[in-house]
Amino acid sequence: METESEPYVRLATLRQLHDVVGELNTARSLADTLQTVADGIVKGLGYELACVNLVQPDGDLVVAAFAGNAAAEALITGRVGARASWERRLSMGETWGELRYIPHTEGWILLDDDVPQWYTEGPDPRFEDEWHPQDRLYAPMYAPGGGRELLGVISVDRPRGGRRPGPWGREALQMYASQAAIAISNARLRANMQRALVRLEREQQALRASEESFRQAFEYAPSGMAIAEMGGDQHGRLLRTNDALCRLLGRSASAIRRYSFSDLVHPEDIGTLLRTSAEGGRAELRLARRDNSYVWVSLRNSVVADTTDGPRFLLTHVEDIEERKRNELQLAHRASHDSLTGLPNSAELRARLSARLCERPNAISVRETAVQAVDKAYGGYEGGNDNGNGAGNGAGGYDEAGYGGGVVPYGQGPGYGGYNGTSGAGYAPVPAPGYGPGTGGGYGGGYGGAVEGYEPGYEPYEPYEPYDSYGDPAERAFQGDGFDPSAAPAPLDHHVHTVAPGADPDDGSKGLAVLFCDLDGFKSINDRFGHNTGDAVLIEVARRLNTGVRDGDTVARLGGDEFVVLADGLGATDAADLAVRLRNAIIPPIRVDGRAVRVGASFGIGWASCGMTVEEVLKSADQRMYIEKRSRSKVQRRAG
């Protein structure tokens, strides 16, 4: 019976083989061809699983197509096996013509190599030619033309009859692999031809690009576009602009044609425009609107060339970056300002102070003498008792005149002297119960105690011209929200040396005062009422400090409850008076969540001077602040 049916079986198999081979040449792409190869094995050759492994440019083989089991397809498709591992497999087992059969008795050693595989466990074969789940059958595909270039390998599994393929089944699989190799080669050739045609078409389109297609892209671009003339007397003149650019600048197309970009650019950005190359040049600058305002834009240039005459026109893409620039400024502001109070932070304070200082070569023979000069002018740190308590006769520890003649809170007797180290009446308060007349010298005693009903004995604090910290080129290094070292001039290039005022308060000398402020009693507020209340106090203190200084002065938060004020153009008397006013502004009660809290403040006045470092200046003011703080009792400090 088998003998009589064998011709029929072969004929049916030939028909199926003919059908699936015919389908190989109908696929439109290489990926479709590979999947058709896998599907044809399952459909026409009687295997339940088929996998196509394709050789990659690097020689390794990737699972390019799978048929017969969706789970297996999802697991191994796209995975790569090394070429060496595949060559090992193709040299093992039994040779069936061009096919390679590896029985399960030998294939177990391949279970752990890197070739993607889908095999399951199964019982030993019951008869000689029964197919085992771990049997392997491979059909190599070689490039047509008689060579032995390996294109890929077809692997099959689970013959539907449950038996190993016989001679006819092996021959059919080998013939199919040969036809699949031809189909894959043809698919690759078609793909290469299609890519070549696409490249050729693109080149032709570029060569024969019409004015109409360019006009469509130009006119309806969502961002600004402009065409400018290149060369000749009218070089740079705008020849055409699109609607987006007209809307951006608030000008009509006919009006814009009277200008060039150099006519519209902000005066400060003209150098940037001139440095921007014609081909591929990029720049960010400001262009003038019709209402005389300016908008930040990004320019990108390209040249529209003529193959015979060379460059003809300059095509410029104009993009509105106003919002981005605004965000950049906000980020820069956040980086240089305290997030809680909005004041300049420690880094920004040091940058602004550093911009005013220099090494001052040849001005001071020894660097240390600059610090010594300031200390000498304001009393130094030696010479007496630290607390400076006395009758105001100059026996103080901080300056030569001691602490005397100032206002003493809640009591009578000698006051606390000042910072300048000179004797004199200091602050002469209006005689009143509880205030003793000052007999010592100085300026600083007045803000060491309570100040209600206080009237200075000298002229009141007069408003002075605001200090423009950004007008001078030497100060422009910290213009905006951060210090730009590249913008800073050389130390001796138009730099005005910062010098501390002299010891004599009447000599009229001015300097850059550095007021170091430390809050008294703030920690107890934080501990008792919580950090939210403490934050509210810091915000209010920052507001009061900002309100009490000039527009050009700097109020910075150094950290915690420490603040620093930079005020230029002050004499010693002005600085002491400013400290008094700021302290008076801080001590009134602050209402937070329905309760009134109160902090005091201790101030130390230092002076910036070229030849000093930033840290030396801040340390000088900090030490003076602690001397002032220690000169008063804790009760007095909490009272203001």
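From a predicted model like this one, the values you see are computed outputs, not experimental measurements.

**Student:** Even after reading the chapter, I still don't get the overall build of the chain, so can you show me in this structure?
**Tutor:** Counting its regular elements, the chain contains 19 helices and 18 strands. Counting all 640 residues of the chain, 45% fall into the buried class. The long-range fraction of contacts in the chain, counting pairs at least 24 apart against all pairs at least 6 apart in sequence, stands at 59%. Carbon and sulfur atoms provide 51% of the accessible area of the chain, an area that totals close to 32,300 Å².

**Student:** I keep staring at the pattern of salt bridges and nothing clicks. Help me out?
**Tutor:** Two side chains with opposite charge may pair up if their charged atoms get near one another. All chains considered together, the criterion is met by 24 salt bridges. Residue E348 pairs with R352 through a salt bridge whose shortest N-O separation is 2.8 Å. Pair noted here: E348 and R352 are both in helix 13 (residues 346-355), with a separation of four residues, about one helical turn. Here K629 makes a salt bridge to D520, at a shortest N to O gap of 2.2 Å. Residue K629 is found in helix 18 (residues 614-630), and its partner D520 is found in strand 13 (residues 511-520); the two are separated by 109 residues along the sequence. The exposure class of K629 is buried, given its relative accessible area of 11%. Beyond isolated ion pairs, a larger network of salt bridges with shared partners links E284, R324, K325 and E328.

**Student:** I would appreciate a short explanation of the side chain of T533 in the present structure.
**Tutor:** Here T533 lies in helix 16 (residues 531-547). Overall, T533 belongs to the buried group, its relative accessible area being 2%. Not counting residues within four places of it along the chain, the set of residues in contact with T533 comprises I525, V592, D593 and R595.

**Student:** It is not clear to me how the packing of helix 2 (residues 30-44) against helix 6 (residues 167-207) should be interpreted in this structure. Could you clarify?
**Tutor:** Packed helices, taken two at a time, are described by their axes: the angle between them and the distance between them. Contact geometry of helix 2 with helix 6 gives a least axis separation of 9 Å together with a crossing angle of 165°. As far as their axial angle goes, helix 6 and helix 2 are roughly antiparallel. You can see that helix 2 and helix 6 cross each other, and the crossing is right-handed. Mapping the contact onto sequence places L30, T33, L34, T36, V37, G40 and I41 in helix 2 and Y176, A180, A183, I184, A187, R188 and R190 in helix 6.

**Student:** Looking at this model, I keep getting lost on the nonpolar core. Mind explaining?
**Tutor:** In a soluble, globular protein the nonpolar side chains are often hidden away together inside. By size, the foremost hydrophobic cluster in this structure holds 36 residues, and its most contacted members are I41, L45, L137, M141, I154, L173 and Y176. Elements with a contribution of two residues or more to this core: helix 1 (2-24), helix 2, strand 1 (47-55), strand 2 (61-67), strand 5 (99-102), strand 6 (136-142), strand 7 (150-159) and helix 6. Excluding residues that lie within four positions of it along the chain, L173 makes contacts with L45, Y47, L99, L137, A139 and V156. The next biggest cluster of nonpolar side chains, apart from the first, holds 34 residues, and it includes A542, V549, F563 and I605.

**Student:** Where do I start with the sheet that holds strand 15 (residues 562-570) in this structure?
**Tutor:** Strand pairing in a sheet takes place through backbone hydrogen bonds and is either antiparallel or parallel in direction. Strands sit in the order 14-15-13-18 across an open sheet of four strands; the sheet is antiparallel. Because the sheet does not close on itself, it has two edges, and the strands there are strand 14 (554-559) and strand 18 (600-608). Each adjacent strand pair in this sheet contributes to an overall mean axis angle of 25°, direction not counted. Here strand 14 runs beside strand 15; their pairing, made up of five bridges, is antiparallel. From the neighbouring strand, V555 faces strand 15, where its bridge partner is V565. Sheet contacts for helix 18: strand 13, strand 15 and strand 18; angle to strand 18, the most-contacted strand, approximately 145°.

**Student:** Is there a simple way to explain empty space enclosed by the protein in this structure?
**Tutor:** If a probe as big as a water molecule is rolled over the atoms, it shows which places are left empty. Within the structure shown, the criterion is met by four cavities of 30 Å³ or more. The calculated volume of the largest cavity comes to roughly 150 Å³. Contributions of two or more residues to the lining of the largest cavity are made by strand 1, helix 4 (83-89) and strand 7. The element best represented in the lining of the largest cavity is strand 1, accounting for four residues.

**Student:** Any chance you could explain the pairing of strand 6 here in plain terms?
**Tutor:** Consecutive residues of a regular strand have side chains that alternate between opposite faces of the sheet. A large share of strand 6 lies buried, amounting to six of its seven residues. Across three bridges, strand 5 lies against strand 6 in antiparallel orientation. Among the inter-strand pairings, Y101 is bridged to a residue of strand 6, identified as L137. The pairing of strand 6 with strand 7 spans six bridges and is antiparallel. Note that in strand 7 the partner of M141 across the bridge is G152.

**Student:** Would you mind going over the sheet that holds strand 2 with me for this structure?
**Tutor:** Pairing within the open sheet is antiparallel, and its seven strands lie in the order 3-2-1-7-6-5-4. Bordering the open sheet on either side are strand 3 (80-81) and strand 4 (94-96), each of which pairs with just one other strand. Along the sheet face, helix 2 touches strand 1, strand 2 and strand 7 and points at about 155° away from the line of strand 1. Strands in contact with helix 6 are strand 1, strand 4, strand 5, strand 6 and strand 7; relative to strand 6, the strand with the most contacts, it is inclined by about 40°.

**Student:** What is the right way to read unusual backbone geometry from this model?
**Tutor:** Of all residues except glycine, most have a negative phi; of all peptide bonds, most are trans. One non-glycine residue, R158, lies in positive phi territory at about 60°. On the secondary structure map, R158 appears in strand 7. Its identity is not glycine, yet D593 carries a phi of approximately 55°, on the positive side. Within the fold, D593 resides in the loop between strand 16 (590-592) and strand 17 (595-597).

Scoring rules and cut-offs
Residues numbered from 1 in each chain as written. Predicted model: local features only at pLDDT ≥ 70, side-chain atom pairs only at ≥ 80, totals over all residues. Heavy atoms only, no water. Helix = DSSP H or I, 4+ residues; strand = E, 2+ residues; numbered from the N terminus. Buried < 20%, exposed > 50% of the residue type's maximum accessible area, 1.4 Å probe, protein only. Contact = heavy atoms within 4.5 Å. Areas by Shrake-Rupley, 256 points an atom, 1.4 Å probe, with all protein chains shown as cover. Salt bridge = Lys/Arg side-chain N within 4 Å of Asp/Glu carboxyl O. Axes fitted to C-alpha atoms, helices over the stretch in contact; angles between N-to-C directions. Parallel < 35°, antiparallel > 145°, perpendicular 65-115°, else oblique. Left-handed = near helix turned anticlockwise from the far one by under 90°. Core = buried A, V, L, I, M, F, W, Y, C linked by side-chain atoms within 4.5 Å. Pairing = 2+ DSSP bridges. 1 Å grid on protein atoms, 1.4 Å probe; cavity = no way out; pocket = protein on both sides within 12 Å on 5 of 7 lines; lining within 4 Å. Points joined across faces, edges and corners; volume = space filled by probe spheres on them.

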